[in-house]
Structures are given as structure tokens and as C-alpha cells.
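Commentary on secondary and tertiary structure
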Amino acid sequence: MKPTIYDYTQDELSSMIKPAFRVKQIWNWLYHRYVKSFDEMKNLPKELKAQLDNDFSLQPLEIATVQHSSDGSIKYLFRLRDGHTIEAVLLLMKDEEYHEDGTLKHHKRYTVCISSQVGCKVGCAFCLTAKGGFVRNLTAGEIVAQLLLIKRENDIGANRRVNIVYMGMGEPLDNLDNVVKAVKIFADPDGMAISPSRQTISTSGLSSKIEKLGQMDLGINLAISLHAVDDELRQQLMPINKAYNITSIMEAVKHFPINQRKRVMFEYLVIKDVNDDISAAKKLLKLLSGIKAKVNLIYFNAYEGSPFQTPSRKSMIEFQEYLTKRGQLCTIRESKGLDISAACGQLREQNI
Ligand code: SAH
Ligand code: SF4
């Protein structure tokens, strides 16, 4: 199978394509114009277009299913060239706003949630992605192309601000090399120019990889899927906790280079009668003392046959208030696209 051209950085392409100055032109067609064929790259000589077509694929994935949510989120199921499927979601964070005189105050704000693997090895008890087991890592190009296709499909211009969260299917730090490469390709100022400070990697807590990512000093944001405050419960929910316990995660977080104006996000999936007690909030507060953290409470999203239940709004708010009243920043993730089964793995499950 031909590799996809989205797998490569500009530097890498420059050593493959001669003369190298063509790479910038190609890059522009790929990431600003979203072309679907090499033939559309009008300023390239015919022979080069033929060579590119011979060497690289421009279609690492295709859209299999699209689901629109009432809140404007759009969920995509992509089919890879080997037939496997992955999910990505376009979230509209804020609608366009206008001044009284009709001029634009600000554009829609987009966040795109993308996948890093087909399936996942981590095997969390509450997660649908885990149920299908692990299939394979995505290549950098397969990660990059998810956003590219979403931008193309929704006419999101190259100059529009997009945030990226690696919160779709898979454990990004278990595919560190390809994810880091995708981060760099996204960040390239000649391409999509999405700086690492607008990208967030979410991890189930592979401490050694958090350290490694930190040492790269990319300026990327970190989100930790904590979900429990003691090792016993966390181990039941997330078997990875046996290898990397809460203490090791907190140590790794303390070493992680964080932008002065930023905080590490701690995701806390709230499950009814499992971890929604105020005593957990109390422990959480203690655990986070001394760390520049923000807590994001997530409603557990129930699915058919799921062993857990969604918490009440009241218990979410009580949990949040306990923290905020004591000075810990805490938000509740309003489940964007819940009606389109936005919890990871759910769209794929329906289509298998
Ligand atoms: N593997 C990484 C990133 C992908 S999972 C991680 O675990 O952080 C992204 C987020 O979706 C995680 O915080 C995860 O806990 C959450 N998630 C998984 N199953 C869910 C469900 N049923 N309802 C709500 N959130 C869920
Ligand atoms: Fe993997 Fe994240 Fe799902 Fe856990 S929650 S199984 S780490 S994708």
C-alpha cells in the first residue's frame, strides 16, 4: 500500500521530492486548499504530479457515517484503507456573534476531537472503545487526515482557529511517536498552523510516557483521565493503574512543563454511586494541592449493556461546588453531542 503524503513533515518530504522548493507549494495545496488529487496542484509540472501520484496516497481515510447533533456537533465515522473504522467529532464551542451594527464579533469556535488508535489496549471498564480490544496504531497521516477531512467537509478555512483534543479512540501516549509527529504536522506554520498550545493530549496516565512527552517540551496541553482518587477503585475502573498508580501519575505531572497561563486538566468521569461521593471530592482536592490543575467533571455516558449509570445533575453540581468553594477550578463538561452518542467508541459500535 502506498504511504499517505500526510504521514510526512515538510523536512521529510524535502528529502523525497526534488527540487525541494516544490514541497512548500505541495504543502499549500494539501493544508490550505484541501485538494483531493495531485492533479489539482496546478503550479506543479506534469511529471512531478505523476510521480507524486505514483508514490503517495491522498486518501488515507474516507467518511463512512456522519451524525449531526442538535447542539451542532458533528460526529464522523471514518473508514481506513484496511477497512477498520475510527471516530472523530467536530464540536462547535461557541456560535458566531455579531455587534449591534451587524459586524462580526467573533467566528464560531471549533474544537476537533480525534482518534489515535484503532481500539485501545488500556481496557477501561466504562469505555466502549476498550470492548473491541486493540487493533493497531494510526499513522501520523491517519491522525492528520481526520482534521483535514472535517475542515474540507465543513468549509472551515485554513485561517480559522481550531483546537485539537486527542480524546477520540485510543490511548495517544501508547502511540507516542506518531502522535507527536501529527502534533508537529498540525503545528507547521506553512500548513494548518495549529500551535501545540491549542492541542491537548488526554491520557489514561502512562506515567513514563508523560515524562517522555514532557522532556520533548512541545508546549502541548495535558489532560489526565483520573476518574478515581484511590488506587483500589482506579484499578477496578482502569486496569492500567496496576502499572502506573496515582502517585506515579502525580509525580509525572509535577515534572511536566506547563505554559505559565495554562493548567493541567484532570478529567473525572462521574459514575453514579461509584465515585460521585463528596468524600472523593475531598480526596481529589488534597491530591491536587500544589498542582496548577483544573478539574473537568464528565457525566458517564451510558450505553447498551454498560455496567454503570449516569450521575444526577445534583450530585455533579455538589461535587463541583465542593471544589470551587475551596478554590479549585472545576467545570462540568456539558455533554456535547450526547444525542449522537459522543462517548468514545459509540458510533463505531453501532456500525460494526
Ligand atoms: N485514552 C485517552 C483518550 C481517549 S478517551 C484517555 O483515556 O484519556 C477520552 C475520554 O473519554 C476519557 O476521559 C474517557 O474517560 C472518556 N470516556 C470513555 N468512556 C466514556 C463514557 N462511557 N462516558 C463518558 N466519557 C467516557
Ligand atoms: Fe482506552 Fe481511553 Fe477508553 Fe481507557 S478511556 S479504554 S484509555 S480510550
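Up top you'll find the structure we're talking about.
In short, a report on the structure. All of these numbers come straight from a predicted model, not from anything done at the bench. Residue positions are given per chain, counting from 1 as you read along its sequence in written order. Chains carry letters and ligands carry numbers; both start at the beginning, A for chains and 1 for ligands, and go up in the order they are written. Owing to the predicted nature of the model, reporting of local features is limited to residues with pLDDT of at least 70; listing and counting of side-chain atom pairs is limited to 80 or more, with chain, interface and lining totals taken over all residues. The side-chain quantities take in all heavy atoms of the structure and omit both hydrogens and water.

Time to look at the packing of aromatic side chains. Only the six-membered ring of Trp is used, alongside the rings of Phe and Tyr, when aromatic pairs are assigned; centres must lie within 6.5 Å, and planes under 30 degrees apart are stacked while those over 60 apart are edge-to-face, with the rest tilted. All chains considered together, the criterion is met by 7 aromatic pairs. A centroid spacing of 5.9 Å and a plane angle of 90° characterise the contact between F300 and F308, whose relative ring orientation is edge-to-face. Aromatic rings pair up to connect Y6, W27 and Y31 into one cluster. Residue placement shows K121 over the ring face of F134; its charged tip is 4.7 Å from the ring centre. In our convention, an over-ring charge means Lys NZ or Arg CZ found within 6 Å of a ring centre and within 35 degrees of that ring's normal. Geometry around Y322 places R326 over its ring, the cationic atom sitting 3.7 Å from the centre.

Glancing now at the site of ligand 1. We define proximity as follows: a residue is near a molecule or strand when any one of its heavy atoms falls within 4 Å of that partner. Near ligand 1 there are 21 residues, and of these G170, S202, S225, H227 and N301 occur at the shortest range. Note that accessible areas follow from Shrake-Rupley with a 1.4 Å probe, and for residues the cover is restricted to the protein chains shown. When the free accessible area of ligand 1 is taken as 530 Å², the share hidden by the protein chains comes to 93%. Secondary structure elements follow DSSP: runs of H or I of four or more residues count as helices, runs of E of two or more count as strands, with numbering from the N terminus. For the shell around ligand 1, the secondary-structure elements that each account for two or more residues are β10 (199–203) and β12 (264–270). Any residue that is not Ala, Val, Leu, Ile, Met, Phe, Trp, Tyr, Cys, Pro, Asp, Glu, Lys or Arg is counted as polar, Gly included; the first ten are nonpolar and the last four charged. Here the shell around ligand 1 is composed, by residue class, of 11 nonpolar, 8 polar and 2 charged.

Moving on to the pairing of strand β1 (residues 61–68). When β1 meets strand β2 (residues 74–80), the two strands line up antiparallel, connected through 7 bridges. Bridge pairing in β2 links L61 to L80. Note on pairing: DSSP must find at least two bridges between two strands before they are called paired. Joining the antiparallel neighbours β1 and β2 is a turn of 5 residues, in which G72 adopts a positive phi near 95°.

A word on unusual backbone geometry. Here the bond from K18 into P19 is cis, since omega is -10°, no more than 30 degrees from zero. Mapped onto the secondary structure, P19 falls in the loop between α1 (10–16) and α2 (22–31). Look at D155: it is not a glycine, yet its phi comes out positive at around 50°. Within the fold, D155 resides in the loop between α5 (140–153) and β9 (162–166). One non-glycine residue, D217, lies in the positive phi region at around 50°. Examined against the element boundaries, D217 turns out to sit in the loop between α7 (207–216) and β11 (221–225). Take D217: its relative accessible area is 55%, and that puts it in the exposed class. When accessible area is computed with a 1.4 Å probe and restricted to protein chains, residues below 20% of their type maximum are described as buried, those above 50% as exposed, and intermediate ones as partly exposed.

Ordered in space as β1-β2-β3-β6-β9-β10-β11-β12-β13-β14, the 10 strands form an open sheet in which the pairing is mixed. On the outer flanks of this sheet lie β1 and β14 (330–333), each paired with one strand and no other. Each adjacent strand pair in this sheet contributes to an overall mean axis angle of 25°, direction not counted. Only heavy atoms matter for contacts: two residues are in contact if any of them lie within 4.5 Å across the pair. Axes here refer to lines fitted to C-alpha atoms; in helices the fit is confined to the stretch in contact. Angles between the N-to-C directions go from 0 to 180 degrees. Seen against the sheet, α5 touches β1, β2, β3 (85–94), β6 (109–113) and β9 and runs at an angle of roughly 55° to β1.

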